[in-house]
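Per-entry structural report
Next come the chains, spelled out residue by residue.
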Amino acid sequence: MSLLSDLINLNISDTEKVIAEYIWIGGSGIDLRSKAKTLSGPVDEPHELPKWNYDGSSTGQAPGKDSEVILYPQAIFKDPFRRGNNILVMCDAYTPAGEPIPTNKRCNAAKIFSHPDVAAEIPWYGIEQEYTLLQKEVQWPIGWPVGGYPGPQGPYYCGIGAEKAFGRDIVDSHYKACLYAGINISGINGEVMPGQWEFQVGPSVGISAADEIWVARYILERITEIAGVVLSLDPKPIKGDWNGAGAHTNYSTKSMRNDGGYEVIKKAIEKLGLRHKEHIAAYGEGNERRLTGRHETADINTFLWGVANRGASIRVGRDTEKAGKGYFEDRRPASNMDPYIVTSMIAETTILWKP
């Protein structure tokens, strides 16, 4: 008799069929959903894939009397779970009439990134996605005593050892799965709070950075499902003297990367400061619990920037200051931010917006 693991790992390449896992964002704007479709053969481009539909009344995205929501394939990645020619497909969602539904933030982002002025600047993004791993039964960080606390922060950031690093098997599995999938994941590290980790995606150009973050989140939650652990993107999962979780967004344009770019960076930061409230409102739910002016954050109501200052809203690196060109880091986005919103809003404010 075959073991379940044998069947899960069954190679279907001889059938010429391909399984495509369609992924989309659910009704909360942060949850991910997916379902699988059989294709007659391999596919290389999203436009070669058929549109599909789902019951939006079961995801909080449509009324029961008119529940059909249409999935438009937008980006393809290799499937690290089924492997072979099987694929993961990042989709966005529309009404049958072709209008983007409210949780579809990709559609507007695509319009911004396709603007000639934005496209000419070739915006690069590097996103640092922090997250917390929780014990399934008690919703408490892994490695923490149930109902209790570990020792204070200090030894956990980039730490090693059984008493300092909790969940490395999940983290490393995710790292390799993202590389297999074709995601431009550039690194991982343990974070300041025990049970909290970070992965980085980028540098990636334009909307691809957001597609990659969403699919990397999907892969991570699938892995935590297998491991029996809960993935949390809450920006402040534990009250008190513990670091929150963010999604620091590193950004540069062609003009910033060229000689004289430091002046362009300073002008861009000035524009971001003028629209601070608008950006904060779009940078993730519950961010006020994280942006307190403590634990490597600036106060949510204060905009400030500085060189090598991790307590600032915007941080410029020493290398950028020295070279006179480079990039900057927006430290305000929360871990549960929508990368379609954040990346496109930064581009819109710094390139298109006229004060």
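Thresholds applied
Residues numbered from 1 in each chain as written. Predicted model: local features only at pLDDT ≥ 70, side-chain atom pairs only at ≥ 80, totals over all residues. Heavy atoms only, no water. Salt bridge = Lys/Arg side-chain N within 4 Å of Asp/Glu carboxyl O. Buried < 20%, exposed > 50% of the residue type's maximum accessible area, 1.4 Å probe, protein only. Helix = DSSP H or I, 4+ residues; strand = E, 2+ residues; numbered from the N terminus. UniProt positions renumbered as here; feature names shortened; annotations may be inferred. Polar contact = N/O pair within 3.5 Å; in protein donor to acceptor, adjacent residues only side chain to side chain. Contact = heavy atoms within 4.5 Å.

**Some words on the pattern of salt bridges**
Enumeration over the complete set of coordinates arrives at 14 salt bridges. Across the salt bridge formed by Asp-31 and Arg-33, the nearest N and O atoms sit 2.8 Å from each other. Exposure remark for Arg-33: the relative accessible area of 31% places this residue in the partly exposed category. When the shortest N-O distance is used, the salt bridge between Asp-234 and Arg-289 registers 3.1 Å. Of the two residues, Asp-234 is situated in the loop between strand 10 (229-232) and strand 11 (247-252) and Arg-289 in the loop between helix 8 (276-282) and strand 12 (305-307); the sequence distance between them amounts to 55 residues. Taken together, the shared-partner salt bridges connect Glu-21, Asp-79 and Arg-82 into one network.

**Considering the UniProt feature "domain: GS beta-grasp" (unreviewed entry) in the protein chain**
Per the UniProt record, "domain: GS beta-grasp" (unreviewed entry) is annotated on residues 18-98. The span residues 18-98 shows a helical share of 0% and a strand share of 48%, and its end C-alpha atoms are spaced 27 Å apart.

**With respect to the side chain of Thr-349**
Summarising the element assignment, Thr-349 is placed in helix 10 (residues 339-352). By relative accessible area, Thr-349 is classed as buried at 0%. A polar atom in the side chain of Thr-349 sits 2.8 Å from the side chain of Arg-275. Leaving out residues up to four positions away in the same chain, Thr-349 has contacts with Lys-271, Leu-272, Arg-275 and His-279.

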